[in-house]
Every structure is written in structure tokens, then in C-alpha cells.
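# Residue-level structure breakdown
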Amino acid sequence: MPTPVDLLIEARWIIPVEPANTTLEHHAIAVRDGRIIAILPTNEARARYAATKTVHLPDHILTPGLVNLHCHAAMAIMRGLADDLPLMRWLQEAIWPTESRHASHAFVRDGSLLAGAEMLRGGITTCNDMYFFPEATAEAFDRLGLRAVLGITVIEFPSQYASDADDYLRKGLATLDAWRDHPLIGFALAPHAPYTVSNKTFERIGALADELELPIHIHIHETAGEIADSLRDFGQRPIARLDQLGLLGPNLIGVHATHLTPEDIERLALHGCAIAHCPTSNMKLASGAAPTTTLLKRGLAVGLGSDGAASNNRLDLFREMHQASLLAKHTTGDASALPAHQALRMATLEGARALGLDAEIGSLTTGKAADICAIRMDNPDELPCFEPVSHVVYVLDRRAVSDVWVGGQQRVKEGKLLQITNTELLGIARLWQNKLRQ
């Protein structure tokens, strides 16, 4: 008798990411209780399993759900607010003043709904976020059914959310306690950056990370000016300072890392740190380019991040894969640098590994959660196709995503979100556009 399963997804191609450099043709994924129980040829799957629901995708590629390793989701409300500025002018002249006037629970909830919807439609099933009011982001992502790691943001100066570093931690830890048992929502400690957090606060964060077994999510070495200021104020580069304070380790996710010396890379590799590479944001802000090929060769987990929609201006990991691969080729002068399979691995399994979630997500493997992205391949503008993974990285964009599952639950069907309407999202966007114009 056929074995009962909840879902059987049949596709032209499956790129499981594990094993590496593998593409399966005319295969199916069997899902039960939210987990992948088998990947096998379609004809065998039909004979072996009796599915409650079967989805036929004859012109599609299946990949693991994408992992956005660095995002400020609520900043979707500020998309296009201040462009063509370097990082510190962008922050000081536009972003921080806007946040001081408008940041609130409602601002973050609504911005996170916009961002979460954009990410899901683009095949992103997991987001590592850093922003104020994490409880509001949790509410939005819970409604949408997006898997997330939410940052307990810490910064020394006051905001609409908290008065000082202790207040940020107190409120963030209370949110962690309130959402502790949620199946899709986890947490990280998220000190903003070495230039906005004191040694005393870093020491407390290190102790909490060890005690609570949480990742540490932090911007590092984003600009040359940041490093010069650190040398002036602390007599050492930011990574050396974090090392001295005991923060470097396998649980640290350093974001950007565009200005690294060989000594910096050696420190990161020695401690098994991870890097969130945000190529589009880094290029747009003229911050620099992370040495991804060197970092990968040294064994670091290097995932891909969109950054916020205010500095990118899209939450689109298809574009990040494309940009990361081309940027690596450009900066190294090596056309074979960061090939397509490796770029897809960065957008999936490497991001999961950085978050400590690689046993759960990041590849289409028996036993893992059924976080799955289906990509249409029936547009003549994108054909013929000789190598599916090459198409994913170099030809397609997020508009090709047709269906998305998180933990076996469908979140996007034939390009449409199932948890929220475009009418509601348009209303949110227009509301905040009018408020920010005032």
C-alpha cells in the first residue's frame, strides 16, 4: 500500500544544494508533518506515496527556501527616502532623524509586513533581522508565516524604543521570553556596531550570548572611516577589539566586512565566525566589497543579506546572488570565482549555517523542514535552459518565483501571498508615505 504523506511536489528540476553541484531532473519531494521525508524520481514517488495534496510543476526549478542573513525589515517604509549618499551621511542626515520622529510599534509592524511579503514572494523563507521593537516584527512575521531570527538590538544612545543599552536589553529579552516557544521565531543578540556600543555593553552581550546560547549579529568593518575612528578611539581595529572582549566565536555573524586585512581574516577564521555579505547595499553606499572568495577558502560561513530596503532598495536574494558572483569575478579578475552553485549555497545553506540552523533548513534533504522555493521556467525570454542553477543566478529574478512553502505550509501560490492581500499592503505603504512626507 502507498505510504500516506501530506504533500507531494513534482518538478522538472530540483537543486537540493546538498550534495553540492547536484541537479535532479523529473523528481518529487514528499512532505509529512512539515518535513521532507523523501526526494526521488517522480514515477517512483507516485507509486510509493499517497498524497493528500499533489502539486505538479512541470516547468519549474525547486530550491531550498532562501535565507536572508541580514535585514532591517521595517526600513521598507523608508525605501528610496535618501539615495546616492555615503553611509554616515545617509544615517545622520536622513535615516536617524526619520526614525527619531516616526519609529514606533506600528511603524515596525507595518514595515515588517511590507518587507515580509516582499521576501516571501521572492522565495525568502528565513530572515535574520535587526531593528527596534522586535515584538512588532515578530507579530508581522508570525502573521505571514515567515521563519525568522530577530535581533535584540542594542545601542548606547536613546531612541523611540529604549533609553540606553540596559533598556534595549531588558525589552529585547522580555520579547524573547514572550515568543520563546514559537516554532518559526528565534532570537539573536544584535549590538548595532562597534562604533555605537561600549566595551561594558559588549562584555554583557558576550555573557548573555553564552548563557542563552544565542547568535551575535553585528555590523563590522563596513567603512574605512569606521576603522580609522576605532584606531583613534581604542588603538585597535574593531575586529581586534571584539576579539579582546571575547565576542569572536562560531556564534558571531559579522555583517558587511568590506575592509579586512589578512590579520582580520585570520582572526575571524580562527574563531569560526560567519559573515553576512550584502553586495548591493555595499556597492550602493560605496562602502567597499567583502573578500568573499578568501573568506570562503578560509572556511567561514558566508551567507547573503539584502540589508534594509532603505539602502538597497530591494529585498531580493536573486539579485544578491547575481551581484555577489559578478562582484567576486570583478574584484579578483577571475571569471571562475564564486560560480553559480556556490552563490546559491551562500543564499541557502551558508546562511543557515551562520545562524546555527543548518540541521533544520538550507538544503532539500530528508529530515529537514520543508522550506521550498518553486521557480517558473516557462518564459521564452529566459529560455533555452542548459544548466538550471546557472539560470537561477544569472538569468532569473524574484518575479520568477511561483510558489513558496515554509515548514510544509504554502505561503505563496502562483505568485500570490496567502496570508495578506495586496490591497492591505498598498494601504500600509500609502499611509506611511503620507506620514513621512509631513
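For the structure itself, look to the data block above.
Now for a description of the structure that goes with this document. Just so we're clear, the structure is a prediction, and the values are computed from it rather than from any experiment.

## Points about the overall build of the protein
Counting secondary structure elements, the protein contains 15 helices and 16 strands. Rg of the C-alpha trace for the protein: 21 Å, near the compact-globule value of 22 Å for 438 residues, within the 12% margin. A principal-axis box enclosing the C-alpha atoms of the protein has dimensions of 70 × 45 × 45 Å. Looking at the protein as a whole, 60% of its 438 residues are labelled buried. Once local pairs closer than 6 in sequence are excluded, the contacts in the protein between residues at least 24 apart make up 72%. As presented, the protein carries roughly 17,000 Å² of accessible surface, and 51% of it is formed by carbon and sulfur atoms. When the 40 basic and 51 acidic side-chain charges of the protein are each reduced to a single mean position, those positions are 4 Å apart.

## Considerations on the pattern of salt bridges
Evaluated as defined, the whole model comprises 25 salt bridges. Note that Arg399 and Asp397 form a salt bridge whose closest N and O atoms lie 2.6 Å from each other. According to the relative accessible area criterion, Arg399 is exposed, its value standing at 71%. Since its relative accessible area comes to 22%, Asp397 is described here as partly exposed. Overlapping salt bridges, with partners in common, bring together Arg79, Glu118 and Arg398 in one network.

## Comments concerning the packing of helix α3 (residues 105–121) against helix α4 (residues 134–144)
It is the contact of α3 with α4, at a shortest axis distance of 8 Å, that shows an interaxial angle of 35°. In terms of crossing hand, the pair formed by α3 and α4 is right-handed. Counted together, His105, Val108, Arg109, Ser112, Leu113, Gly116, Ala117, Met119 and Leu120 of α3 and Glu135, Ala136, Thr137, Glu139, Ala140, Phe141, Arg143 and Leu144 of α4 form the full contact between these two elements. Of the residues contributing to the contact of α3 with α4, the split by class is 9 nonpolar, 4 polar and 4 charged.

## Structural notes on the packing of aromatic side chains
All chains considered together, the criterion is met by 6 aromatic pairs. Between Trp96 and Phe157, the ring centres sit 5.6 Å apart and the planes meet at 70°, which makes this aromatic pair edge-to-face. Of this pair, Trp96 sits in helix α2 (residues 87–102) while Phe157 sits in the loop between β7 (147–154) and α5 (165–178), and the two are 61 residues apart along the sequence. Since its relative accessible area comes to 24%, Trp96 is described here as partly exposed. The partly exposed category is assigned to Phe157, whose relative accessible area is 33%. What links up through ring pairs into an aromatic cluster is the set Tyr131, Phe132, Phe133, Tyr161 and Tyr168. Cation over ring: Arg241 sits above Phe234, and NZ or CZ is 3.8 Å from the ring centre. The ring of Trp432 carries the charged tip of Lys435 above its face, separated from the ring centre by 4.4 Å.

## Thoughts on α5
An ideal rise of 1.5 Å per residue puts 20 Å on 14 residues; α5 measures up with 20 Å between its terminal C-alpha atoms. Every buried residue of α5 is accounted for by Ala165, Asp167, Tyr168, Leu169, Gly172, Leu173, Thr175 and Leu176. Looking at the packing, one finds that the buried side of α5 touches α4, β7, β8 (185–191) and α6 (199–212).

## Looking at helix α13 (residues 340–354)
Taking 1.5 Å per residue, 15 residues should reach 21 Å; α13 reaches 20 Å between its end C-alpha atoms and fits that length. At Met346, α13 shows its largest kink, close to 50°. For α13, a buried count of 12 out of 15 residues is recorded, marking the element as mostly surrounded by other parts of the structure. Of the residues making up α13, those classed as buried are Ala340, His341, Ala343, Leu344, Met346, Ala347, Thr348, Leu349, Glu350, Gly351, Ala352 and Ala354. Positive backbone phi, at 75°, marks Gly356, one or two positions downstream of α13.

## Things to note about the pairing of strand β9 (residues 216–220)
Counting buried residues in β9 gives 5 out of 5 residues, a clear majority hidden from the surface. Residue alternation in β9 divides its side chains into two sets, Ile216, Ile218 and Ile220 and His217 and His219, and both sets are buried. Here β9 pairs with strand β10 (residues 252–256) via 5 bridges, running parallel. Paired with Ile216 across the bridge in β10 is Leu252.

## Considerations on the environment of Leu327
Mapped onto the elements, Leu327 comes out in helix α12 (residues 317–332). Separated by 37 residues in the primary sequence, Leu327 and Ala290 place their C-alpha atoms 9.3 Å from one another. Residue contacts for Leu327: discarding those within four places in its chain leaves His277, Pro279, Met283 and Ala289.

## Focus: the nonpolar core
Counting 118 residues, the largest nonpolar core has Trp90, Phe107, Met119, Phe141, Met321 and Val392 as its most contacted members. Residues within four places of Met321 in sequence aside, it is in contact with Leu66, Leu304, Ala343, Leu344, Ala347, Val392 and Val393.

## Some thoughts on unusual backbone geometry
Cis geometry is found at the peptide bond from Asn312 to Asn313, where omega equals 20°. A cis amide bond links Leu383 to the next residue, Pro384, at an omega of 5°. Residue placement: Pro384 occurs in the loop between β13 (372–376) and α14 (388–394). At Asp84, a position not held by glycine, the phi torsion is positive, near 65°. As for its position among the elements, Asp84 is in the loop between β5 (66–71) and α2. Despite not being glycine, His221 shows a phi value in the positive range, around 45°. You can see His221 is positioned in the loop between β9 and α7 (224–234).

Rules of the game
Residues numbered from 1 in each chain as written. Predicted model: local features only at pLDDT ≥ 70, side-chain atom pairs only at ≥ 80, totals over all residues. Heavy atoms only, no water. Helix = DSSP H or I, 4+ residues; strand = E, 2+ residues; numbered from the N terminus. Rg over C-alpha atoms; globule rule 2.2 N^0.38 Å. Buried < 20%, exposed > 50% of the residue type's maximum accessible area, 1.4 Å probe, protein only. Contact = heavy atoms within 4.5 Å. Areas by Shrake-Rupley, 256 points an atom, 1.4 Å probe, with all protein chains shown as cover. Lys, Arg positive; Asp, Glu negative; His and termini not counted. Charge placed at Lys NZ, Arg CZ, Asp CG, Glu CD. Salt bridge = Lys/Arg side-chain N within 4 Å of Asp/Glu carboxyl O. Axes fitted to C-alpha atoms, helices over the stretch in contact; angles between N-to-C directions. Left-handed = near helix turned anticlockwise from the far one by under 90°. Nonpolar A, V, L, I, M, F, W, Y, C, P; charged D, E, K, R; others polar. Phe/Tyr/Trp six-rings, centres within 6.5 Å; stacked < 30°, edge-to-face > 60°. Lys NZ or Arg CZ within 6 Å of the ring centre and 35° of its normal. Expected span 1.5 Å × (residues − 1). Bend = angle between axes of the 7 residues up to and from the residue. Pairing = 2+ DSSP bridges. Core = buried A, V, L, I, M, F, W, Y, C linked by side-chain atoms within 4.5 Å.

The analysis is restricted to geometry; functional conclusions fall outside its scope.
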